[in-house]
Amino acid sequence: MSRRLARQEDGSDGPLIGSMDLPDPVGMVTGWCLVDLGRPREAGEELDRQLALVGPDAVRMQVRYGVRRALAYASAGEIDHACALTAPLLDGVATARSATVTTDLRRLAGVLSRYSDHPSVRQLGPRLGTLSRSSTS
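Once a new chain begins, its residue numbering starts again from 1 and follows that chain's sequence as written. Totals for whole chains, interfaces and linings use every residue, but because this is a predicted model, local features are given only for residues with pLDDT of at least 70 and side-chain atom pairs only at 80 or more, for both listing and counting. Each side-chain value is worked out from all heavy atoms of the structure, with water and hydrogens disregarded.

Caption draft 1: Broad picture of the overall build of the protein chain. Here a strand is any run of E in DSSP of at least two residues, a helix any run of H or I of at least four, and the numbering for each starts at the N terminus. Along the protein chain, the regular secondary structure elements total seven helices and two strands. Along the chain direction, N to C, the helices and strands of the protein chain fall in the order β-β-α-α-α-α-α-α-α. Using a 1.4 Å probe on the protein chains alone, a residue whose accessible area is under 20% of its type maximum counts as buried, one over 50% counts as exposed, and one in between counts as partly exposed. Across the 137 residues in the protein chain, those meeting the buried criterion constitute 44%. Contacts: residue pairs with any heavy atoms within 4.5 Å of one another. A sequence separation of at least 24 residues applies to 57% of the contacts in the protein chain between residues at least 6 apart. What sets the accessible areas is the Shrake-Rupley method with a 1.4 Å probe; for residues, cover comes only from the shown protein chains. Accessible surface, the protein chain: about 7500 Å² in total, of which carbon and sulfur atoms supply 52%.

Below you can see the structure in the form of structure tokens.
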């Protein structure tokens, strides 16, 4: 997560340390962890709520948690929805330059590969495959 140092909005001179792009860190991390705990439907719903709070200019945050959200929905069997969520994130993947994103893209590509005959997977597949093999720093 990117960390920024900014001035508090309440007018005090003290610094505000933490992610300005992540309004509810606990909620976002809860959604993230629910994927790993094998509760993808709950994870997707929580990440939906959390990503709705993140501004559109927070590209790295949108991509990082958006790919995890798509993985949650794909794992829950909602393939069309997962592909629809993934497609607009792919342009931001290079911007995010994150090993975490690449790992989740690989996981997502693996889940979607089980549905290779699905039209939305066939459409997304080539680009997703290329990006999930990309190396990041």
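Caption draft 2: Expanded view of the pattern of salt bridges. Salt bridge, as applied in this entry: a Lys or Arg side-chain nitrogen positioned within 4 Å of an Asp or Glu carboxyl oxygen. What the rule picks out here adds up to nine salt bridges. A salt bridge links arginine 68 to aspartate 36, with the shortest nitrogen-to-oxygen separation between them at 3.3 Å. Here the residue arginine 68 occupies a position in helix α3 (residues 59–75), and aspartate 36 occupies one in helix α1 (residues 25–36), the gap between them amounting to 32 residues. Take aspartate 36: its relative accessible area is 48%, and that puts it in the partly exposed class.

Caption draft 3: Representation of the nonpolar core in the model. By nonpolar core is meant a set of buried Ala, Val, Leu, Ile, Met, Phe, Trp, Tyr and Cys residues that side-chain atoms within 4.5 Å join together. One finds Leu90, Val93, Val101, Leu105, Leu108, Leu112 and Leu128 to be the most contacted residues of the largest nonpolar core, which totals 27 residues. Listing elements by their share of this core, those giving two or more residues are α1, α3, α4 (79–86), α5 (90–96), α6 (99–113) and α7 (119–132). For this core, the leading source of residues is α3, giving seven residues. Non-local contacts of leucine 112, meaning those with residues more than four positions away in its chain, are made with Ala74, Ile79, Cys83, Val121, Leu124 and Leu128.

Caption draft 4: Fine view of the side chain of glutamate 46. Tracing the backbone through its elements, the reader meets glutamate 46 in helix α2 (residues 40–51). Glutamate 46 has contacts with Gly27 and Gly31, leaving out every residue within four places of it along the chain.

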